[in-house]
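# Remarks on the overall topology
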Amino acid sequence: MDGMISLLGLLSLGLEGIYCQGVYAPPTVRIVHSGHACNVEEERYSERVYTIREGETLELTCLVTGHPRPQQIRWTKTAGSVSDRFQDSSVFNETLHITKIQRHQGGRYYCKAENGLASPAIKSIRVDVYYLDPPVVTVHQSIGEAKEQFYYERTVFLRCVANSNPPVRYSWHRGREVLSQGSDKGVEIYEPFFTQQGETKILKLKNLRPKDYANYSCVASVRNVCGIPDTNIIFQLTNKTASPSIKLLVEDPIVVNPGQMVALVCITTAGEPHPTLNWTTGGGGALPERSQVKDGTLTLREISSDEAGVYSCVASNNVGNPAKKSTTIIVRALKKGRFWITPDPYHNDDNIQIGREVKISCQVEATPSEELVFGWLKNGRTLRSSERMVITQTDPDISPGTTNLDIIDLKFTDFGTYTCVASLKHGGIPEISIDVNISSTTVPPSLTVPRGKSPLVAREGETVELECVVTGKPKPILLWTRADREAPMPDGSAQMESYDGVLRIVNVSREMSGQYRCQTSQYNGFNVKPREAVVELIVQYPPTVEPANMEIRQGLGRSVSMSCRVLRAHPSRVLRYEWRLGSKQLQSGHFDTRDETEYSIHTLARENYGEYVCEITNEAGAGRCVFNVTGRAHGPEFYYDTYSPIWQNRPRVYGFKLQWTQMNPDTVDRIVAYRLGIRQTGQQRWWEQEIPVEAPMRKGELITYNLTELIRPEAYEVRLTPITRFGEGDAAVRIVTYSAPINPHLREFHCSFEEEPICMFTQEKNDDFDWTRHSAATRDTKYTPNTGPSGDRTGSKQGFYMYIETSRPRKQGDKARLVSPIFNVAPKNPYSLTNPPAYCFSFYYHMYGKHIGTLNAFLKQKGQSASAESPVWTLNGNQGDRWRQAKVSIHPTASFQVAIEGVRGPGIEGDIAIDDVVLEEGECPNIPPNPEESKAPPKEIHIWLLLVTVVMTLLRGQR
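Criteria and thresholds
Residues numbered from 1 in each chain as written. Predicted model: local features only at pLDDT ≥ 70, side-chain atom pairs only at ≥ 80, totals over all residues. Heavy atoms only, no water. Helix = DSSP H or I, 4+ residues; strand = E, 2+ residues; numbered from the N terminus. Buried < 20%, exposed > 50% of the residue type's maximum accessible area, 1.4 Å probe, protein only. Contact = heavy atoms within 4.5 Å. Areas by Shrake-Rupley, 256 points an atom, 1.4 Å probe, with all protein chains shown as cover. Pairing = 2+ DSSP bridges. Disulfide = S-S within 2.5 Å. Axes fitted to C-alpha atoms, helices over the stretch in contact; angles between N-to-C directions. Polar contact = N/O pair within 3.5 Å; in protein donor to acceptor, adjacent residues only side chain to side chain. pLDDT = per-residue confidence, 0-100. Phe/Tyr/Trp six-rings, centres within 6.5 Å; stacked < 30°, edge-to-face > 60°. Salt bridge = Lys/Arg side-chain N within 4 Å of Asp/Glu carboxyl O. Core = buried A, V, L, I, M, F, W, Y, C linked by side-chain atoms within 4.5 Å.

### Thoughts on the overall build of the protein chain
Per the secondary structure count, the protein chain includes two helices and 71 strands. Counting every position in the protein chain, which comprises 959 residues, the buried fraction comes to 42%. Partitioning the intrachain contacts of the protein chain with sequence separation of at least 6 by distance along the chain shows that 69% fall at a separation of at least 24. Total accessible area on the protein chain is roughly 52,500 Å²; 50% of this is exposed by carbon and sulfur atoms.

In structure tokens form, the structure reads like this:
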């Protein structure tokens with residue numbers, strides 16, 4: 001007995017845990033499709049494949065369940081083009097919509113939803129984009145010759161290429177003749193093989209004959225999948241067919257000045273069919289925006305240095321290889337003039353001294369480099385090379401565009417201004433002049449940091465100037481870099497140049513703290529060992545604290561504790577802290593060794609609600625922790641997975657089962673009521689009422705409220721606000737939309753066919769004829785006697801029912817099918833004795849007449865093929881002039897429909913009628929006994945015997 005009690009105890013604990021969990025559930029997702037799919041394979045190698053034609057609209061919807069409802073549904077994609085990743089982003093929406101889908105957008109699409117419970121739910125579907133490009137035919141020929149045997153052969157290959165998905169199927173035609181392997185000894189057709197251009201089909205014409213000169217057409221087909229039509233191309237093969245040849249009527253290279261107009265002329269000299277001409281840049285790239293191409297001539301107006309380069313003319317006629325000719329355009333230019341002074345390298349002294357050697361170097365970038373000409377002036381007069389003034393030009397491979405002036409045995413009379421003049425031979429480009437002063441004041445640079453400029457202290461957000469003072473003549477350019485770590489400069493570069501010795505940083509940030517090196521460059525100065533100095537930058541910033549903003553919900557009479565913590569600050573020693581409620585100071589002090597401060601309220605009163613601010617300050621400013629202490633209740637969480645939320649009792653109105661749970665109900669005071677607001681979408685006025693709550697709520701407890709008298713087909717905005725003694729809490733809003741109940745409420749689904757919509761039943765399209773809605777009061781007086789009912793199931797002559805009319809032109813074996821709306825399977829109950837769930841399907845039938853055929857009932861499940869259908873109930877023959885009831889229990893495992901099928905018998909006296917169709921959850925009670933089943937004991941006896949056996953076994957174990 002103790003063991004049995006323990007078993008019952010474990011069972012009660014398990015049930016209690018489930019009850020506390022309530023309806024909270026991790027998310028599940030399901031992908032449904034609409035748009036222009038031409039085929040959907042639900043399962044293929046464990047994946048769903050959605051096939052769509054290029055240019056059509058893709059629409060995938062992610063149906064989500066789970067509570068709380070996932071707030072973010074994310075679509076991502078893989079397995080497509082490397083560059084196609086939704087433009088490096090994701091789509092956050094239930095529906096993924098792509099208009100005019102392209103081939104590179106095919107691939108696997110993932111739908112992901114999460115609500116904070118368990119792992120995110122992920123489903124995927126593969127989108128296969130089908131397309132067929134027009135085929136392209138290229139012609140190649142080979143000529144073989146053996147002189148001794150007087151043998152000559154000319155063979156032509158016609159290659160057909162078409163990009164497609166799925167793989168293309170080719171066929172060749174010569175005129176109207178279909179060519180196939182073996183149909184002509186002079187023709188060979190190779191099986192398709194793959195090349196870089198796509199799948200290729202080759203037609204080989206051996207040792208050309210006169211009849212081989214004809215029109216050849218290549219037909220590409222994907223067998224009309226997705227409605228993609230076949231495409232073809234025609235190529236005329238003649239004895240004049242030849243590959244292209246071209247000629248450029250320009251020089252190579254072409255040297256021009258900036259601003260000139262350049263015309264590149266390309267003409268064809270051979271080729272049949274006539275070749276087409278195209279111009280490209282050297283790398284096959286696009287032409288400049290301002291360029292113009294007409295009849296093979298490329299025109300560049302007002303050319304600039306950026307447009308210099310290689311230009312290629314390409315001729316193609318799909319015979320042989322394309323012909324290509326190129327030329328180079330050189331735009332003359334001079335830029336970037338620099339100089340440097342090199343003291344006598346044989347002395348360990350960086351200064352210029354009388355009696356020693358001095359070298360002045362001048363460098364200019366020139367295009368073309370071979371036209372560069374240098375000249376030297378001293379004090380404005382031409383200077384020629386001599387024994388003491390040696391002018392040389394550096395080897396272009398070592399230092400291109402560089403000239404040197406060596407002054408041997410420097411004398412006092414050599415002091416003066418030396419000018420380096422750079423120009424191009426043919427003129428048209430402005431000269432570049434560089435002045436260098438050589439005198440007793442020409443000294444190498446020295447570098448210092450002004451007093452008080454290092455370390456430099458600044459506050460975050462300010463503009464700072466790091467300064468190095470350079471002396472000497474001439475003053476060189478300064479280069480700034482980070483000295484303490486490998487990090488970029490504030491502008492993102494590795495180094496920054498400065499002509500005045502100042503590095504200016506705008507909006508300085510804490511990451512910019514550290515050491516900066518200033519260094520002299522050799523340009524525009526002395527070619528000596530670089531001088532350098534270091535400046536330290538210290539950026540002060542106010543404390544960074546956590547939490548920056550926090551909401552605390554708590555009921556009256558409870559305790560509250562708030563803590564503000566310093567993460568980082570500079571200076572790192574925080575000066576003081578202060579707690580405030582509004583403008584009222586609560587507590588202040590200085591930090592010692594701690595990095596956080598706390599403030600507590602032992603018993604929360606109404607006046608304690610409000611915004612608490614903890615301010616922590618240092619020299620650079622303040623950091624603030626903000627706590628919003630409130631008694632507001634959390635918002636309700638609408639339950640979107642309600643089973644059959646919409647029902648319909650009358651034609652023009654509908655009802656909606658509104659369900660929700662309360663988020664964290666124990667956080668604040670007990671919720672005493674909800675304020676319900678409802679209005680039609682687009683309207684301004686709210687209708688409000690209060691829904692009282694009698695008892696405390698539990699987390700996960702599902703609350704239900706029925707909305708009635710909603711006008712069909714209007715949508716409504718519903719607002720729900722919890723109320724405590726503190727006042728109103730957070731409101732939640734959802735939209736209620738009407739749709740014909742996809743899954744009618746099974747406990748209320750009863751169809752007596754009294755209204756014209758016939759309860760969303762539909763006539764099957766693939767049967768032979770239809771069921772007819774009828775009543776005895778409106779029946780035609782010419783109806784067939786001795787068959788059919790004289791009233792509906794209740795005996796009323798005004799009541800309606802459905803029947804099959806078996807008069808002409810109906811013939812024996814014709815079928816009429818009436819199909820119910822789609823029903824979703826109820827969620828599985830793990831503690832139910834029936835799994836999958838059971839439903840009772842019942843209806844009344846009238847089968848009277850000597851020619852009665854057959855009445856069948858079918859269960860149609862999602863994903864089930866028509867060939868797998870078999871009746872769950874069937875009856876045939878005359879059953880007498882009365883209504884009888886049929887009942888059958890069904891056990892669907894997926895979304896389902898029921899279908900009622902009437903089969904015409906051998907004559908016209910065979911009308912079959914049905915009425916009062918009912919579908920209910922649970923097994924059918926009181927099924928009319930079947931003679932074969934009546935011998936078996938009732939099911940209840942089996943269950944009791946099972947329970948008695950279990951109890952006796954447990955008792956025996958205790959002995």
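Structure's up, so let's keep going.
### Observations concerning the pairing of strand β49 (residues 596-601)
Residues T597, Y599 and I601 line the buried face of β49, whereas the alternating positions E596, E598 and S600 sit on a face that is not buried. Of the pairings in the sheet, the one linking strand β46 (residues 560-570) to β49 comprises six bridges and is antiparallel in character. Across the sheet, R565 pairs through a bridge with E596, a residue of β49.

### Quick look at the state of the cysteines
Here is the idea: a disulfide is a covalent bond, and it sits between the sulfur atoms of two cysteines. Considering all chains together, one arrives at seven disulfides under this definition. The disulfide partner of C62 is C111, and the S-S distance across this bridge is 1.7 Å. On the sign convention where negative is left-handed, the bridge of C62 and C111, at about -85° about the S-S bond, is left-handed. Taken together, the residues C62 in strand β4 (residues 58-67) and C111 in strand β8 (residues 107-114) connect sequence positions 49 residues apart. The pair formed by C62 and C111 is uniform in burial state, with each residue classed as buried.

### As for the sheet that holds strand β31 (residues 389-393)
The strand order β31-β32-β28-β27-β43 describes an open sheet built from five strands, whose pairing is mixed. Looking at the sheet topology across the chains shown, the edges are occupied by β31 and β43 (525-526). In this structure, β31 lies alongside strand β32 (residues 402-407), joined through five bridges in antiparallel fashion. Within β32, the position partnered with I391 by the bridge is L405.

### As for the environment of I352
In this fold, I352 is placed in the loop between β27 (333-343) and β28 (358-367). A relative accessible area of 14% places I352 in the buried class. As a C-alpha pair, I352 and S440 span 88 residues in sequence and 7.9 Å in three-dimensional space. Setting aside its immediate chain neighbours within four residues, I352 contacts I341, V358, L410, I438, T442 and F526.

### Concerning the sheet that holds strand β33 (residues 416-424)
Reading across from one edge, β30-β29-β33-β34 is the order of the four strands in this open sheet, with antiparallel pairing throughout. Either end of the sheet is taken by a strand with one partner, and the two such strands are β30 (381-383) and β34 (432-438). The sheet shows a mean angle of 35° between the axes of neighbouring strands, direction not considered. In this sheet, β30 lies alongside strand β29 (residues 372-378) in antiparallel orientation, the contact comprising three bridges. Pairing of L377 across the sheet is with T382, part of β30.

### Examining the side chain of N856
Within the secondary structure layout, N856 lies in strand β67 (residues 854-861). A distance of 2.5 Å separates polar atoms of two side chains, one belonging to N856 and the other to T874. Not counting the four nearest positions on each side in its chain, N856 is found in contact with P871, W873, T874, A899, I900, E901 and V903.

### Quick look at the side chain of S889
With respect to the helices and strands, S889 occurs in strand β69 (residues 884-890). Looking at S889, its side chain comes within polar contact range of the side chain of E923, at 3.0 Å. There is a polar contact of 3.0 Å between the side chain of S889 and the backbone nitrogen of C924. If sequence neighbours within four positions are ignored, S889 has contacts with Y839, E923, C924 and I927.

### Some thoughts on the confidence of the model for the protein chain
The predicted model of the protein chain averages 84 in pLDDT, with 87% of residues at 70 or higher. Counting interchain partners and residues more than four positions distant, the pLDDT-below-50 stretch residues 79-89 has 18 contacts. Taken together, the stretch residues 829-834 has pLDDT below 50 and engages in three contacts with residues farther than four places along the chain or on a different chain.

### What about the packing of aromatic side chains?
The tally for this structure, following the rule as stated, stands at 18 aromatic pairs. Arranged with centres 5.9 Å apart and planes meeting at 75°, the rings of W340 and Y523 form a pair that is edge-to-face. Separated by 183 residues along the polypeptide, W340 in strand β27 and Y523 in the loop between β42 (514-520) and β43 bring together distant segments of the chain. Ring geometry for Y801 versus W883: centroids 6.1 Å apart, planes at 65°, classification edge-to-face. In this pair, Y801 is assigned in strand β64 (residues 800-804) and W883 in the loop between β68 (871-876) and β69, connecting sequence segments 82 residues apart. One aromatic cluster in this structure is built from W579, Y599, Y612 and F627.

### Thoughts on unusual backbone geometry
Going from K473 to P474, the amide bond is cis rather than trans, its omega being -5°. With respect to the helices and strands, the residue P474 is situated in the loop between β38 (469-473) and β39 (478-482). Of the consecutive residues R808 and P809, the connecting peptide bond is found in the cis state with omega at 10°. Of note, P809 is situated in the loop between β64 and β65 (815-819). Phi is positive for E302, which is not a glycine, with a value near 50°. Examined against the element boundaries, E302 turns out to sit in the loop between β24 (297-300) and β25 (309-316).

### Quick word on the pattern of salt bridges
Tallying each qualifying case throughout the model produces 40 salt bridges. A salt bridge links R553 to E551; the shortest N-O distance between them is 2.9 Å. Accessibility expressed as a relative area gives 11% for R553, which makes it buried. You can call E551 partly exposed: its relative accessible area is 42%. In this structure, R553 engages D730 in a salt bridge whose closest nitrogen and oxygen atoms are separated by 2.3 Å. Highlighted residues: R553 in strand β45 (residues 549-553) and D730 in the loop between β59 (727-728) and β60 (732-736), separated in sequence by 177 residues. One network of salt bridges, with partners in common, ties together R174, E177, D184, R209, K211 and D212.

### Side note on the nonpolar core
Grouped together as the largest cluster of nonpolar side chains are 32 residues, with contacts concentrated most on F753, W771, F841, F843, L855, I890 and I914. Mapped onto this core, the elements with two or more residues apiece are β64, β65, β66 (839-847), β67, β69, β70 (896-903) and β71 (912-921). In terms of residue count, the dominant contributor to this core is β66 (five residues). If we ignore the near neighbours within four places in the chain, the residues touching F843 are L855, A857, W873, R884, Q885, A886, I914, D915, D916 and V917. Listed in part, the 28 residues of the second largest apolar core include M389, L410, A422 and F526.

### Describing the pairing of β25
Summarising the sheet, strand β22 (residues 276-281) and β25 pair through six bridges and their orientation is antiparallel. Bridging from a neighbouring strand, L277 pairs with A315 of β25. As defined by bridge partners, β25 adjoins strand β26 (residues 323-331) across seven bridges and the pair is classed as antiparallel. Within β26, the position partnered with A315 by the bridge is A323. Between the end of β25 and the start of β26, which pair antiparallel, lie six residues, with N318 showing a positive phi angle near 65°.

### Points about the environment of I125
Tracing the chain through its elements places I125 in strand β9 (residues 121-132). Along the backbone, I125 and V49 are 76 residues apart, and their C-alpha atoms lie at a distance of 6.0 Å. Apart from the residues lying within four places of it in its own chain, the contact partners of I125 are I31, R48, Y50, L60, G107, R108 and Y109.

### Side note on the environment of T787
Looking at the element boundaries, T787 is found in the loop between β63 (772-775) and β64. Exposure remark for T787: the relative accessible area of 3% places this residue in the buried category. Once you skip the residues sitting within four places of it in the chain, T787 turns out to touch Y848, G849, I908, E909, G910 and D911. At 2.7 Å, the side chain of T787 forms a polar contact with the backbone oxygen of Y848.

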